[in-house]
Amino acid sequence: MIELEDFYRVCSSIGARSPYWTQGAGSNVSLKMKFDGKQLLRIKASGLRMDAVNRAGGTVDVDASAFKTRFLDIRADEEAECELQYAKVIQSSSLSSNPSLRPSMETGFHVALEQPLVAHFHSIAAVLMADLYFKNLPAFPSWVAQSQLKLSFVDHFRPGFLLSRFLMQCPNSDAYVLRNHGVILASNDGLVLEKWQKLEKDFCREFGFEWILGPTMIGQDLQEILSLLTAAPLKFYFPDTAVFLERLRRVLIPDSKRSQFWVLKSEAMHEDRDMCELWAATALLYEACPDVAELPDEIIATVANLPVEKFRKSGT
Ligand SMILES: [Zn+2]
């Protein structure tokens, strides 16, 4: 049985593990509850940081039953029209009277997955796992097979409607590892996050990425982590890099020693902490494995213009 306390504990655990699990306003957690014969979904509000979620606010309740019916009714020949309808479904299923609080743009897969607790975050280790899986590293399948969690690997999907529609048809798993995106944990108990954390540690030890999650890095504050990182190229490892590209560029300056490499401006932490976290995750990934694959051009080109992303970027 999962309680509201589990929901808030998971939100704060993810929020505290930036930039390894979450960067800026990325990530979302939801809990399904029964109320008055209906299924309600409590979910992080769009555009807010995970560490802004607590019992006092930062969440929106959604009529999950109505959402599911409306989601399944989305039909259009054009993808752009589907995205518009998806944005309307999110808005119309919200039970919040505050128009500036909207459900997360990923509400679709939170409703689609059957388990009561769903946590999605942009884990650096998950990006590395998916990279090895899709590169068919020979040692990887046997490691996956002995994992304590049932893992599913999901290829590139644009976040929002397309990813949600795909996950609606997927068989149940404990963890969906999303290529160039992160992970979705779906659980019937409150311990899935601890299990995932153990799995990440094991993965990093087994495949030589231990320093990323090792004691010298984890537990340091963001400023300390940034001081340990060197210049890196601007790689599109996450959809948020495309969504927030202009904002990210504003905190970067070209490295004086290598062309196409970037470093953070000295005043960046005061100007835009969210982008410093996104840059830290990018530089950590590059340092861990310089040939990690990037998002395909088609997703980079389209993700920033989604109707749901326009709302998220407005920060209202
Ligand atoms: Zn995401």
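Here the structure is a predicted model, which is why all the values come from computation and not from measurement.

Enquirer: Pulling in residues and values, what's your account of the sheet that holds strand β1 (residues 28-35)?
Expert: Strand order across the open sheet formed by seven strands is β3-β2-β1-β4-β7-β6-β5, with mixed pairing between neighbours. In this open sheet, the two edge strands, each paired with only one partner strand, are β3 (59-63) and β5 (151-154). Direction aside, the axes of adjacent strands within the sheet are offset by 20 degrees on average. As defined by bridge partners, strand β4 (residues 117-121) adjoins strand β7 (residues 182-187) across five bridges and the pair is classed as antiparallel. For Val 118, the partnering residue across the bridge sits in β7 and is Ala 186.

Enquirer: Residues and numbers for the pairing of β1, please.
Expert: Side-chain direction in a regular strand flips from residue to residue, so the side chains alternate between the two faces of the sheet. Bridge count between β1 and β4: four bridges; the pairing is antiparallel. Each bridged residue has a counterpart across the sheet, and for Asn 28 the counterpart in β4 is His 120. Bridge count for β1 against strand β2 (residues 38-44) is six bridges, and the pairing is antiparallel. Each bridged residue has a counterpart across the sheet, and for Lys 34 the counterpart in β2 is Gln 39. Between β1 and β2, which pair antiparallel and follow one another directly, the connecting turn spans two residues, one of which, Asp 36, has a positive phi of 55 degrees.

Enquirer: Can you break down the nonpolar core residue by residue, with the values?
Expert: One broad trend across soluble globular proteins is that nonpolar side chains are buried collectively. Counting 89 residues, the largest nonpolar core has Ala 119, Val 177, Val 183, Leu 185 and Trp 279 as its most contacted members. Here this core gets 11 residues from one element, more than from any other, and that element is helix α13 (residues 273-288). There are two domains that each give this core at least three residues, and those are domain 1 (4-210) and domain 2 (222-312).

Enquirer: Describe the pairing of β7, and please don't skip the residues or the numbers.
Expert: In terms of burial, β7 is a largely internal element, six of the six residues being buried. Note: strand β6 (residues 175-178) against β7, four bridges, orientation antiparallel. Bridging across to β7, Leu 178 finds its partner in Gly 182. Linking β6 to β7, which pair antiparallel, is a turn of three residues; within it Asn 180 sits at a positive phi near 50 degrees.

Calculation rules
- Residues numbered from 1 in each chain as written.
- Predicted model: local features only at pLDDT ≥ 70, side-chain atom pairs only at ≥ 80, totals over all residues.
- Pairing = 2+ DSSP bridges.
- Helix = DSSP H or I, 4+ residues; strand = E, 2+ residues; numbered from the N terminus.
- Axes fitted to C-alpha atoms, helices over the stretch in contact; angles between N-to-C directions.
- Core = buried A, V, L, I, M, F, W, Y, C linked by C-beta atoms within 7 Å.
- Buried ≥ 20, exposed ≤ 12 C-beta atoms within 10 Å, placed from the backbone.
- Domains from an automatic or database assignment.

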